[in-house]
Amino acid sequence: MGGTMNRRFKVVVERTGDGYVAYPLGLRGVVVSDGDTFEEALANVKSAIAFHMKTFGEAALGDHISAEDVFITEANVTVDAEIPA
């Protein structure tokens, strides 16, 4: 009935002003974690991935993403400067 699932994920770890934010690629749904250090953010996101997988099972798995499929780029975005009343 039950079993163990092991899958390797690409994880993006970003340094922020307050520490680090980490999130996996190739997983359906939103899984984000943070930490004061790189290692803490990575450990926390691994725990969040495990919880997400336990909750949603294989339905949470997206397509396997290779390093060649990950791009970092820039985009100019225009935001209306009006402040809502």
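Note that the coordinates shown come from a computational prediction; the quantities given were computed from them, not determined experimentally. (Residues numbered from 1 in each chain as written. Predicted model: local features only at pLDDT ≥ 70, side-chain atom pairs only at ≥ 80, totals over all residues. Heavy atoms only, no water.)

(A) Expanded view of the side chain of serine 33. Within the fold, serine 33 resides in strand S3 (residues 33–35). In contact with serine 33, not counting residues within four places along its chain, are Tyr20, Val21, Ala22, Ala41, Asn44 and Val45. (Helix = DSSP H or I, 4+ residues; strand = E, 2+ residues; numbered from the N terminus. Contact = heavy atoms within 4.5 Å.)

(B) Region of interest: the environment of isoleucine 65. With respect to the helices, strands and loops of the structure, isoleucine 65 is situated in the segment after helix H1 (38–56). Considered as a pair, isoleucine 65 and phenylalanine 9 are 56 residues apart in the sequence and their alpha carbons are 8.1 Å apart.

(C) Spatial organisation of the nonpolar core. Core analysis: the biggest nonpolar cluster contains 11 residues, these being Phe9, Tyr20, Ala22, Leu27, Val31, Ala41, Val45, Ile49, Met53, Ala60 and Leu61. For this core, the secondary-structure elements that each account for two or more residues are strand S2 (19–25) and H1. In terms of residues, this core owes the most to one element, H1, which gives 4 residues. In contact with leucine 27, other than residues within four places in its own chain, are Phe9, Ile49, His52, Met53, Ala60, Leu61 and Gly62. (Core = buried A, V, L, I, M, F, W, Y, C linked by side-chain atoms within 4.5 Å. Buried < 20%, exposed > 50% of the residue type's maximum accessible area, 1.4 Å probe, protein only.)

Any link to function would need more than the numbers given here.
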